[in-house]
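# Summary of structural features
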Amino acid sequence: RWGAKWEYGWFKTQISLPQEAAGKRIVLKADVGGESAVYINGQAAGAIDTQHQYVLLTPKAALGDTFKVLIEAYAGHGPRVSSVGPVPPGRVTVPEPGPTQATVGESSFGIWEEEIYQLWLDVETLYQLRDNLDPDSLRVAEIDQGLRDFTILVDLELPYEEMLKTVRAGRERLKPLLDCVNGSTAPTMFMFGHAHIDVAWLWPLAETERKCVRTFATQLALMKEYPEYKFLQSQAHLYQRTKELYPSLYAQIKEVVARGQWIPEGGMWVEADTNLSGGESLIRQFIHGKRFFREEFGVNCELLWLPDVFGYSGNLPQIMRGCGIKYFATAKIFWNYNGGDPFLYNTFTWEGIDGSTVLVHLCNDYNSRTDPTALSQRWKQRVQKDGIATRLFPFGWGDGGGGPTRDHLEFIRRERNLEGLPKALIAHPLDFFRDQEKRGLPEARYVGELYYQAHRGTYTSQARTKRGNRKSELALREAEMWGSIARALKNYELPLKQLDTLWKQVLLNQFHDIIPGSSIHRVYEEAEAGYAKVLAGAAEIAQEATQALVEKKKGLTIFNSLSWERKELVPLPKGTTGAKNLHGDPLPTQKIGERIFAEVSIPPCGWTTIFPSAEGSSSQSSSLIATERSLENEYLCLSFNERGEITSIFDKVTGREWAAGLCNAFKMYKDVPTKFDAWDIDSMYSLTPVPLEARASIEVTAQGPLVAKLRLTRKLHQSTLTQEIVLRRGSRRVDFITQIDWQESHKLLKVAFPVRIHTNEAVHEIQFGHIRRPNHKSRPFDADRFEVCQHKWTALMEEGRGFALLNDCKYGVNVLGNAINLTLLKAALAPDMTADKGLQEFTYALYLWEGPFLESELVQEAYALNCPVLTAPGSAGEGSIFTVDAPNVVIETVKPAEDGSSDIIIRLYEAKRSATSCRLHTRLPVHKALKTDMLENILGSLPVEQGTIPLEFRPFEIKTIRLQLAHE
C-alpha cells in the first residue's frame, strides 16, 4: 500500500523481451494502484486507467528488445471525507491526512493475440448489428448463419498454430457479411475522438495537468496506428499547461495537428459556464482561446464546443458571432434526468436576444462508444425525424480524460458503410456543419436562452467563489479603464502582461465545474486564492493609474467608471470633518461610525476633486427619519416587525403601498436533491420549510442628513445574520448589507419580496441585456424554470412602474407570482462537505420606480451597487473622458487593444431592448474611430468630429469601437 489522497508515486522497471516475443505485438499491463502515465524509454507512451488497460511496448518485437518503463501514478481523490464539528467564521480548511489508499497490484507484459482480437471485433460487430435490425429480415438470417458457422469453424482449444488457422477460417467466413454495404439512403455519422477533461472537479488543477499527459500520449499512440483517426481537444488552457510542463509531448501534438489528425477547435480558453460568467468575460474567453489556437496551430476556430455546460445564455449567439464563431455543439440540454420538457431539435438555428443566429447541433452524448448498438441508438435518439440525414458523433471515454481506445477505432473501421447501420465517417466537426449548410439549413429555429432543466443549484453553490468572480470581473474593468486613460493622457506604462495573467486566472475559474460550485473543497481553496491575487493585482493597477492622473497637490480625487453622472458618499481622510468642491462650495457631510462621509457628484467616466478640511460642513436639513421599526426619506417609508421583516413599503409620492406581504423575509428550506447535491435544487424544496421565528435585535446606527441605517442581528436556524439596512436621501433604493455566519447542512436560504405588481413574467438581467421568463407554472416548461440565473438584477414591472431586487454577487433567483425570491446560500455536503460554511458577505437592494422601464434608472442603480467609486489623494480638477447621450446605452468596457498598440477599445451595449440613436463623446485626442468585431478586427470606419462619434444601436446590440489617438 502507498499514497494518501492527491499524492503521486513513481515506479520503474526494465523489460527485456524473451525469444518467444520476436515478431509479436507486445503490450504492458501495469497495475501500480492508480491512474497512471506510462513512459517507455523516456517517452510518454500512454495511460493506464479504468478504460485503458494496456500500453503498447512494440507492434513487432525484435530479439533482444529492452524497454525502460517509468510510471507516474495518482493515489486518488477519495472516497474518504472528513467529519467536522462546529465551524468558525471564515473559510474552513479541513485537514485530510488520511491513510494510504493505493495498492500495488499485479503487473505483466506479454503477447497481444492480434488475430484473436480482430476475430472478436468481427463477431461482436455482427452480433450487435443483428440485435439492432428487424429479426425477420434476410440480413439477420444471413448474419445468424455466419455466426453459427463461426462457432463450428473456430476452436480455441487446439494447439497454438492449429488454433490460429481456425481463427483465420472464422474471419474468412464472416468477411462477406462485413463487406455488405448500405444503399443510397443511409444516414451519416460525422465522428471524431474526444476526451472530455474537466479542468477541475473531483480532483484539483494539478491532477488535470497529469490527466492531460496520460490522455494526450494515449491518443498520439493511436494516431500512429490509425492514420484516419481524428481527435478533438478544445481547451486552450490545457494546451498551455501541456506546453509548459510537457514540451516534448506538445511538440508531437503540433506535428499531428499539422497532419490534420489532431483537431484544436472549441474557441474558448476553457469550456466555460455561460450562465454565471460576465459578458466581457465570455468575450475574453474567445479572445484568449482563439488567439492561442491561431498563434500555436494556425487555426481560426469557428466552433464553440461546450458539451457539458449547464445551460446557455440567451446572448451567447451575439457574442459568438462577434467573435467569429459560426457553429455551436453541446449535449447537456437532453439530460433531463428529473423529467422536464423534452427539447425539440438536434440541428437548428439558434437566435439570441438581439436577433443574432448560429447553427447548432445537439449530440446525445460526448463520451460515447462506437459499437453497432451505440451507432444505432444515436441515430434512433434523434428528435427530428424529418429533414435530418446526418449527426455529429463524438466518441471516447471522458470527464476524467482518457479518450478513445483501439476498440472505438476498430469498430468504426467495420462500420464505415456497413449494411444496416448509419455510415461511420471520421471527420472534423466543421465538416458536419458545412455539409449541413450545403444541404440547406433546417427550418427548426429556437429563440432565447437554452435553459437546462437541472443543475439549478449551480447558480448558488460555493458563494465565495461566485463573489470572487463578480468582484474580480469588475476590478479588472476598473484597472483596464483607468489604465488605458492614464496611458493615453499621462504615458502611464500599463502592465499588459500582468493584466493578461490576471484575466486568465478569472477565465480559468469560470470552468463549468469550478464557478458553478460542483467541485471538491481543495478546488475552492485554490480558486479563492486565485481571486485574491486578481483583486490585489487589479487594485494595484487601478491605484497606480488613477494616481498618475492626479497632480501631487492638496485634495482628494474621486473616479467614476460608469457612463453617467452619479452621486456617492465618499469617506474623507482621517482628521478632516468637512470638504468643499472645486467651486469652493461646502459639500454635505455626515459622520457614519468613526468616519466622516461627503456626498459628491462625479461626472461620467471621469473624476472630480474635493478639498477636505478640518472645517465642518454647513447645516443641512434632512427628510431622513430612522427608528428601530422604520426608515424614511422624501420618497419612501419602510416599516419593520420584530424579526426585521418589512411590513410596509409606502411610496410617499404616489401614495401607493408596494409590499404585498412580508418583505426582506428570510425563507429556509430543507435541501436534499434527489441526485446531485451541489448541482441541484429540486422542485420539492418549497414543501420542506424550516421555521425561522427568532426575533431580531434592531438598532439605529445612522439618522441623516445623508443616510439612515438600521442594524439588525438575528438567528436563522443554526446561523447568525447581521444586516445593515441603508436608505439615502433622494433615493428609491434600499441596500441590505449582509453578513451571515452560515452553519447549515442541506439547507437553502432565500429572501422574499412580495410586491403589488401584476404581470405574467419577470425580467432578469443577463450578459449585455435582459431576458423575460414566466412567473407562473401554466405549462411544464414554465414550471420547470422554478429557479433561474440572473446577473445584477431581477424585476417585476407593469407598463408604468416596476420593482427590482439588485445584488452584488448572487446569481440564483425564483419569481413566483408577485414575489421575487433571491437565493442567498446553499449547504451541500457533496462533493465538498464544508461547502459555504463560515462567514458569508453580500449586499442586495430593492429599487422601485414610477414611469416606463425605458426611463427608469434600474440599470444605473445596479451598476452603482456593484462598481464603487475609486479615490486618489491629490487634485486632478474635473473631467469626463467618455459620455453617451442615451441613458440606455452603457459603456461596459474601456481597455487597451489586444495587439499591443496604443489604441483604445470601447465596448458599449444597448441595455433596454430599444433601438437607439446616440452620440459617443470623448475628450481623448482621437485621430480615427473604427468599428471592429469583438476580437478587435477592423470592420470599417466611423465618422468622428471633435471627439463625437454618432452611433446606431439595435435592441441589445453590442458595439466594439477602436480609437486611434493622435500623437503629438
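The following paragraphs examine the structure supplied in this document. From a predicted model like this one, the values you see are computed outputs, not experimental measurements. (Residues numbered from 1 in each chain as written. Predicted model: local features only at pLDDT ≥ 70, side-chain atom pairs only at ≥ 80, totals over all residues. Heavy atoms only, no water.)

### Overview of the overall build of the chain
Stated precisely, the cut-off is as follows: Numbering of helices and strands starts at the N terminus; helices are DSSP runs of H or I of at least 4 residues and strands are runs of E of at least 2. Atoms counted for the radius of gyration: C-alpha only. Globule rule: 2.2 Å times residue count to the power 0.38. Note on classification: 1.4 Å probe, protein chains only; a residue is buried when its accessible area is under 20% of the maximum for its type, exposed when over 50%, partly exposed between these limits. Contact definition: two residues touch when any of their heavy atoms are within 4.5 Å. Accessibility throughout is a Shrake-Rupley quantity obtained with a 1.4 Å probe, and a residue counts as covered only by protein chains that appear here. Neither His nor the chain ends is counted toward charge; the positive residues are Lys and Arg and the negative residues Asp and Glu. By convention, the charge on Lys lies at NZ, on Arg at CZ, on Asp at CG and on Glu at CD.
Looking only at helices and strands, one finds 16 helices and 53 strands in the chain. The C-alpha radius of gyration computed for the chain amounts to 32 Å, which stays within 12% of the reference 30 Å derived for 968 residues, consistent with globular compactness. Out of the 968 residues in the chain, the part that is buried amounts to 61%. Expressed as a percentage of contacts within the chain between residues at least 6 apart in sequence, the contacts between residues at least 24 apart total 76%. Of the accessible surface of the chain, which amounts to about 36,500 Å², a share of 51% is contributed by carbon and sulfur atoms. Positive and negative side-chain charges of the chain, numbering 111 and 120 respectively, have mean locations separated by a distance of 2 Å.

### Some points on the packing of aromatic side chains
Our working definition: Stacked, tilted and edge-to-face pairs are distinguished by plane angle, under 30 degrees for stacked and over 60 for edge-to-face with tilted covering the rest, among Phe, Tyr and Trp rings (Trp via its six-membered ring) whose centres lie within 6.5 Å. Only Lys NZ and Arg CZ are tested; either one counts as a charge over a ring when it is within 6 Å of the ring centre and within 35 degrees of the ring normal.
Within this structure, the stated rule accounts for 53 aromatic pairs. Ring centres of Phe343 and Tyr345 lie 6.1 Å apart, and the angle between their planes is 90°; on these two criteria the pair is classed as edge-to-face. Relative accessible area serves as the criterion here: at 12%, Phe343 is assigned to the buried category. Arranged with centres 6.4 Å apart and planes meeting at 35°, the rings of Trp658 and Phe803 form a pair that is tilted. Residue Trp658 is located in the loop between β28 (656-657) and β29 (665-670), and its partner Phe803 is located in strand β40 (residues 801-807); the two are separated by 145 residues in the primary sequence. Accessibility expressed as a relative area gives 0% for Trp658, which makes it buried. What makes Phe803 buried here is its relative accessible area of 0%. Every member of this aromatic cluster is reached through a ring pair, and the members are Phe216, Tyr229, Phe231, Tyr239, Tyr250, Trp262, Trp269, Phe292, Phe293, Phe297 and Phe395. In this structure, Lys5 is placed above the aromatic ring of Trp6, and the distance from its NZ or CZ to the ring centre is 5.2 Å. A cation sits over an aromatic face here: Lys912 above Phe853, 5.3 Å from the ring centre.

### Regarding the sheet that holds strand β27 (residues 646-651)
What counts is decided by this rule: Two strands are counted as paired when DSSP detects at least two bridges linking them.
Reading across from one edge, β24-β25-β26-β27-β28 is the order of the five strands in this open sheet, with antiparallel pairing throughout. Strand pairing shows two members of the sheet lacking a second neighbour, β24 (625-627) and β28, which therefore form its edges. In the sheet, β24 pairs with strand β25 (residues 630-632) via three bridges, with the strands oriented antiparallel. Pairing of Ile625 across the sheet is with Glu632, part of β25.

### Remarks on the environment of Gly900
Tracing the backbone shows Gly900 in the loop between β47 (889-896) and β48 (904-910). Among the residues examined, Gly900 registers a relative accessible area of 44% and is labelled partly exposed. Considered as a pair, Gly900 and Thr701 are 199 residues apart in the sequence and their alpha carbons are 50 Å apart.

### Observations concerning the packing of helix α5 (residues 236-245) against helix α7 (residues 279-297)
How we decide: As a rule, the C-alpha atoms of each element are fitted with a line to give its axis, helices using only the stretch in contact, and angles between N-to-C directions run from 0 to 180 degrees. Oblique is the label for every angle not falling under 35 degrees (roughly parallel), over 145 degrees (roughly antiparallel), or within 65 to 115 degrees (roughly perpendicular). Left-handed is the label given to a crossing in which the near helix is rotated counterclockwise from the far helix by less than a right angle, and right-handed is the label when the rotation is clockwise. Amino acids outside the nonpolar list (Ala, Val, Leu, Ile, Met, Phe, Trp, Tyr, Cys, Pro) and the charged list (Asp, Glu, Lys, Arg) are all regarded as polar, and Gly is one of them.
Remark: α5 packs on α7, axes separated minimally by 9 Å, with the N-to-C direction vectors making an angle of 45°. With respect to α7, the axis of α5 lies oblique. Regarding α5 and α7, the two cross each other, and that crossing is left-handed. On α7, the residues touching Ala236, Tyr239, Gln240 and Lys243 of α5 are Gly289, Phe292, Phe293, Glu296 and Phe297. The residue makeup of the contact of α5 with α7, split by class, is five nonpolar, two polar and two charged.

### With respect to the pairing of β48
For β48, the buried fraction is high: seven of the seven residues fall into the buried class. Side chains of β48 alternate between two faces, with Ile904, Ile906, Leu908 and Glu910 and Ile905, Arg907 and Tyr909 buried alike. As paired elements, β47 and β48 share seven bridges and run antiparallel to each other. The residue bridging Thr893 from the neighbouring strand is Arg907, located in β48.

### Details of the environment of Thr893
Let me state the cut-off plainly: Within 3.5 Å is the distance limit for a polar contact, defined as a pair of N or O atoms, with the added protein rule that one can donate a hydrogen and the other accept it, and that residues adjacent in sequence qualify only through two side-chain atoms.
Mapped onto the elements, Thr893 comes out in strand β47. As a C-alpha pair, Thr893 and Leu474 span 419 residues in sequence and 9.9 Å in three-dimensional space. Apart from the residues within four sequence positions on either side, Thr893 is in contact with Glu280, Arg284, Glu480, Ile905, Ile906 and Arg907. There is a polar contact of 2.8 Å between the side chain of Thr893 and the side chain of Glu280.

### Description of the side chain of Gln590
Residue placement: Gln590 occurs in strand β21 (residues 589-592). Within the local environment of Gln590, its side chain forms a polar contact with the backbone nitrogen of Leu706, the two atoms lying 2.7 Å apart. At a separation of 2.8 Å, a polar atom in the side chain of Gln590 contacts the main-chain amide nitrogen of Val707. When neighbours within four sequence positions are excluded, Gln590 is seen to be in contact with Arg595, Ile596, Phe597, Ala702, Gln703, Gly704, Pro705, Leu706 and Val707.

### A word on the sheet that holds strand β51 (residues 938-942)
Backbone hydrogen bonds are what pair the strands of a sheet, in a parallel or an antiparallel way. Strand order in the open sheet formed by five strands is β47-β48-β53-β50-β51, and the pairing between neighbours is antiparallel. The sheet is open, and its two borders are formed by β47 and β51, each paired with just one other strand. Averaged over all adjacent pairs, the angle separating strand axes in this sheet is 30°, with direction ignored. When strand β50 (residues 926-932) meets strand β53 (residues 958-965), the two strands line up antiparallel, connected through six bridges. Within β53, the residue paired with Leu930 across the bridge is Arg962. Its contacts with the sheet put α7 on β47 and β48, and the angle it makes with β47 is roughly 40°.

### Regarding the nonpolar core
Keep this limit in mind: For this analysis, a nonpolar core means a set of buried residues of the types Ala, Val, Leu, Ile, Met, Phe, Trp, Tyr and Cys, connected via side-chain atoms within 4.5 Å.
Judged by nonpolar contacts, the single largest core of 237 residues is most densely connected at Leu846 and Phe882. Leu846 has contacts with Leu638, Ile646, Ile649, Arg732, Arg733, Val734, Phe736, Phe753, Phe803, Ala804 and Leu805, leaving out every residue within four places of it along the chain. Leu28, Ala61, Val69 and Ala75 belong to the second largest nonpolar core, which has 21 residues in total.

### What to know about helix α2 (residues 138-153)
Threshold: Multiplying 1.5 Å by the residue count of a helix minus one yields the expected span of that helix. The arc under discussion is defined with respect to the helix axis, by the directions toward the C-beta atoms.
Here α2 is 16 residues long and its end C-alpha atoms lie 23 Å apart, about the 22 Å a rise of 1.5 Å per residue gives. Within α2, burial applies to Arg139, Val140, Ile143, Asp144, Gly146, Leu147 and Phe150. Looking straight down α2, one finds its buried side chains confined to an arc of 165°; they lie on one side. For α2, the exposed residues set more than 90 degrees away from the buried face come down to Leu138 and Ile152. Buried residues along α2 sit in contact with α1 (114-131) and α3 (160-178).

### Focus: unusual backbone geometry
The step from Gly704 to Pro705 runs through a cis peptide bond, and the omega angle for that step is 15°. In this fold, Pro705 is placed in the loop between β31 (697-703) and β32 (707-716). Here the amide bond leading from Ala830 into Pro831 is cis, since omega sits at 10°, within 30 degrees of zero. Its place among the elements puts Pro831 in the loop between β42 (819-826) and β43 (838-850). The residue Asn491 is not glycine, and still its phi comes out positive at about 55°. Take Asn491: it is sitting in the loop between α12 (463-490) and α13 (496-509). What makes Asn491 exposed here is its relative accessible area of 69%. One non-glycine residue, Arg913, lies in positive phi territory at about 60°. Mapping Arg913 onto the fold places it in the loop between β48 and β49 (916-922). Given the relative accessible area of 46%, Arg913 is considered partly exposed.

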